[in-house]
Amino acid sequence: MLIADEKLNCIEAEDSEILEVLRSDRSRVLDLPGVGDEPIEIYVVVTSRAGRSEVFSAAYVASRRSIRVFRLPAPEVPAAGYRNALKQVISYWEGYDFKFEPVKINYAKAMREVVIRSIPVIMSPLALRKLQEESNRPQSRLTRKDHAASSGEMAGTAKAVKESAPVVPTAAAICEAEEVANQEDAAARKLSELAARKQAAAEVARKQAEEAARKEAEEAARQQAEDVARRQAEEAAAAALKQAEAAAREKAAEEEARKKAAEEAAQKQAAEEEARKKAAEEEARKKAAEEEARKKAAEEAAQKQAAEEEARKQAAEEEARKQAAEEEARKQAAEAAARKKAAEEAARKKAAEETAQKQAAEEEARKQAAEAAARKKAAEDEARKQAAEAAARKKAAEEEARKQAAAAAARKQAAEAAAATRVVSPPGEKLEERPRAKAHEAAWQQAEDARKKAEEAARSLTPQERAALIIERESKEARVRAMVDEAAALLLGGGGETKGHAPGIPGESFTLVPGLETLTYAQPMEVAELYISLSMVVLSPENYPQQHCSAYICTFHRQGKVELYVVLRLRDSRRSLFYTPRRQPANMQEYRQQVAAAVRFLEVTGFLVEPTPLGSTPEERKKSLAVMPFLTATGT
């Protein structure tokens, strides 16, 4: 608990007696006795006199420049143990929500004096006596005349008590001191407002204060030397004056008075000059402090502005990163939606293509069925027509049949003899070529010449003529097969197997490719499958004499397309005949169907074919294909 000291209007202490000073960080309105409801600042001051310390606190009302001093009821304590009392005082004021910060006073003597003078609640005993003397006078200011009179009196008494007592300042000096005190109060208010900022720059202020103290100490030393010289001069002048007075007592009192007035005027002028010089120095220090405060405030404002700008920049960058992330997420979502849409569109397109292919296949199947029905009907009509003509020529045919039967019997015997001497080689190997019988040499040579002429004629045909020739040949082959079947039925009594031609395959037909002499491939892996007949069959191919033949089925897969060929190898002619389906397969299902049709085609003709392994590596496949007489490799 603190008590108000009604006897004290301020904290009276010399600069050297002050140990610590603390100041509240802000002003607060606090209703205290004798203070009122105006904003106040709290100062806590620790003093030390004769080895004893005491803790004071003062409430300062800046608007009225009034001071209220508080102290602890306990007696004074040793200087080394004032901490407990200081904590009690600070705790008391913290109960009123005050926070304190220390005032730095550990400077050199000159700077320490400036700082302590700026604290409004501390006054030195001399300044306090001057203030009290001034308050006891009827006027707050002295006229220049009063000041001169007072100076005269003080000058007269100064000579008497010069050695024993200190010189008492004049009224003018008290006015100047009060003016200085007023200026110090104003500076104190400004310093209290800048205390928080000064604390952050304590180290810089310390260095600047030390430099200023050093300069001020040099200036004080110079001034002290001047004062000593002046005092010595004054003392010398006084001694000379006394001698002159002793020598010139006989002069008139008026001359003595004028001399005294001149001396007093010189002293007054010197005092005024000294006061003006101190005031100028104080003003310079004050301006320097204000300039430092403004500079510090500008630096703090610049730092604050830079921090705010950096915060705004970071916020803008964070917002930009956030927007970029959102934009990237939107872009990825759009790309995913686009990919999904493209996949759906591709699926729909594929489904449409499959539907179109299916419809095309169905339409093709219907078309083939219609063509097959038309061909069947035409064949039936032609067969009925031929049957009628055959009935009409029955008698002549019977005679011719007997002749052909005799010839057939002869051929049969020759074939049996040839079959008895025939050697069947394993698949993929060539049969041993035997010399043709001289009896058949002329017929075979004629057939070979006719075949060569037909091939040369086929090579010179245009694509349109070749297509018309193929159609005509198919029609001719159909008529010939029908006539041969009818003749075979008549000769064999309506049964038996007819050889020497390729019967039709239900659902698929194979057509001879004129002018094709060999099948080529660039890489061994282009050959997909190879079927080889297990034995040879005696046939009479078109434009070739009757001879032993072997059969093959060869399929290719190149450039995304599948090709199928049925191959007849003629042993005596050393030639190969190539047959292709009406349309090459477009998918795997058609491929398997046409391979099965080719197998049936050869089985009806009398061949038994089986697939042969070609090898899994290009080297193995190359070796297997090199022995095939109808294949030619074009690549390396």
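Scoring rules and cut-offs
Residues numbered from 1 in each chain as written. Predicted model: local features only at pLDDT ≥ 70, side-chain atom pairs only at ≥ 80, totals over all residues. Heavy atoms only, no water. Helix = DSSP H or I, 4+ residues; strand = E, 2+ residues; numbered from the N terminus. Contact = heavy atoms within 4.5 Å. Areas by Shrake-Rupley, 256 points an atom, 1.4 Å probe, with all protein chains shown as cover. pLDDT = per-residue confidence, 0-100. Buried < 20%, exposed > 50% of the residue type's maximum accessible area, 1.4 Å probe, protein only. Pairing = 2+ DSSP bridges. Phe/Tyr/Trp six-rings, centres within 6.5 Å; stacked < 30°, edge-to-face > 60°. Lys NZ or Arg CZ within 6 Å of the ring centre and 35° of its normal. Core = buried A, V, L, I, M, F, W, Y, C linked by side-chain atoms within 4.5 Å. Salt bridge = Lys/Arg side-chain N within 4 Å of Asp/Glu carboxyl O. Polar contact = N/O pair within 3.5 Å; in protein donor to acceptor, adjacent residues only side chain to side chain.

Student: Before we go on, may I ask you to explain the overall build of the protein chain in this structure?
Tutor: Looking only at helices and strands, the protein chain features 13 helices and 19 strands. Partitioning the intrachain contacts of the protein chain with sequence separation of at least 6 by distance along the chain shows that 69% fall at a separation of at least 24. Counting only carbon and sulfur atoms, one obtains 55% of the accessible surface of the protein chain, whose full area is about 40400 Å².

Student: It is not clear to me how the confidence of the model for the protein chain should be interpreted in this structure. Could you clarify?
Tutor: Low-pLDDT stretches of the model should not have their predicted coordinates read in fine detail. In the predicted model, the protein chain carries a mean pLDDT of 76, and the fraction of residues at 70 or more is 70%. Low pLDDT (under 50) marks residues 405-437, which in the prediction has 28 contacts with non-local residues, meaning those over four places away or in another chain. Contacts from residues 483-507, a stretch scored under 50 in pLDDT, to residues over four places away or in other chains number 32 contacts.

Student: Any chance you could explain the pairing of strand 15 (residues 547-558) here in plain terms?
Tutor: Look at any regular strand and the pattern is simple: side chains alternate between the two faces of the sheet. Of all 12 residues that make up strand 15, 10 are buried, and the element is covered over most of its length. The pairing of strand 13 (residues 527-533) with strand 15 spans five bridges and is antiparallel. Bridge pairing links Tyr531 to Ile553 in strand 15. Direction of pairing for strand 14 (residues 537-539) relative to strand 15: antiparallel, over a ladder of three bridges.

Student: Can you help me understand the packing of aromatic side chains in this one?
Tutor: When we look at a pair of aromatic rings, we describe it by the centre distance and by the angle of the planes. In total, this model carries nine aromatic pairs according to the counting rule given. Taking 5.5 Å as the distance between ring centres and 65° as the angle between the ring planes, the aromatic pair formed by Tyr92 and Tyr96 counts as edge-to-face. A centroid spacing of 6.2 Å and a plane angle of 50° characterise the contact between Tyr579 and Phe601, whose relative ring orientation is tilted. Here Phe601 lies in helix 12 (residues 588-605) and Tyr579 lies in strand 17 (residues 575-581), a separation of 22 residues in the sequence. Pairwise contacts between aromatic rings join Phe70, Tyr92, Trp93, Tyr96 and Phe98 into one cluster. Here the basic side chain of Lys104 rests over the ring of Tyr107, its NZ or CZ set 5.8 Å away from the ring centre. The ring of Phe556 carries the charged tip of Arg558 above its face, separated from the ring centre by 4.3 Å.

Student: Help me understand the nonpolar core, please; the structure alone is not making it clear to me.
Tutor: If you look at soluble globular proteins, the nonpolar side chains tend to sit buried side by side. Residues Phe510, Val566, Leu602 and Phe607 are the most contacted members of the largest nonpolar core, which totals 24 residues. If you list the elements that add at least two residues to this core, you get strand 11 (510-512), strand 14, strand 15, strand 16 (561-570), strand 17 and helix 12. The biggest single contributor to this core is helix 12, with seven residues. The residues touching Phe607, leaving out its near neighbours within four places in the chain, are Ser533, Ser535, Met536, Val537, Leu539, Cys549, Ser550, Ala551, Leu568 and Leu602.

Student: It is not clear to me how the pattern of salt bridges should be interpreted in this structure. Could you clarify?
Tutor: Close approach of charged atoms lets side chains of opposite charge pair. Counted under the stated rule, the structure contains 34 salt bridges. Between Arg64 and Glu38 there is a salt bridge, with its nearest N and O atoms 3.4 Å apart. Taken together, the positions of Arg64 in the loop between strand 6 (52-61) and strand 7 (66-71) and Glu38 in the loop between strand 4 (28-29) and strand 5 (39-49) put the pair 26 residues apart, joining distant regions of the chain. Looking at Arg64, the relative accessible area reads 44%, which means it is partly exposed. Overall, Glu38 belongs to the partly exposed group, its relative accessible area being 25%. Residue Glu226 pairs with Lys277 through a salt bridge whose shortest N-O separation is 4.0 Å. Separated by 51 residues along the polypeptide, Glu226 in helix 7 (residues 202-247) and Lys277 in helix 8 (residues 253-392) bring together distant segments of the chain. Accessibility expressed as a relative area gives 34% for Glu226, which makes it partly exposed. It is possible to trace a salt-bridge network through shared partners that takes in Glu219, Arg222, Glu226 and Lys277.

Student: Explanation requested: the pairing of strand 5 in the structure shown.
Tutor: In terms of residue burial, strand 5 counts as a mostly covered element, since nine of its 11 residues are buried. Note that strand 3 (residues 18-24) and strand 5 share five bridges and pair antiparallel. Paired with Leu22 across the strands is Val44, a residue of strand 5. Summarising the sheet, strand 5 and strand 6 pair through nine bridges and their orientation is antiparallel. Counterpart to Ser48 in the pairing with strand 6 is Ser53. Remark: two residues form the turn of the hairpin made by strand 5 and strand 6, two consecutive strands paired antiparallel; Ala50 in that turn has positive phi of roughly 55°.

Student: Would you mind showing me how to read the side chain of Asp5 here?
Tutor: Its place among the elements puts Asp5 in the loop between strand 1 (3-4) and strand 2 (11-12). The exposure class of Asp5 is buried, given its relative accessible area of 13%. At 2.9 Å, the side chain of Asp5 and the side chain of Arg71 are in polar contact. Residues in contact with Asp5, not counting those within four places in the same chain, are Val69 and Arg71.

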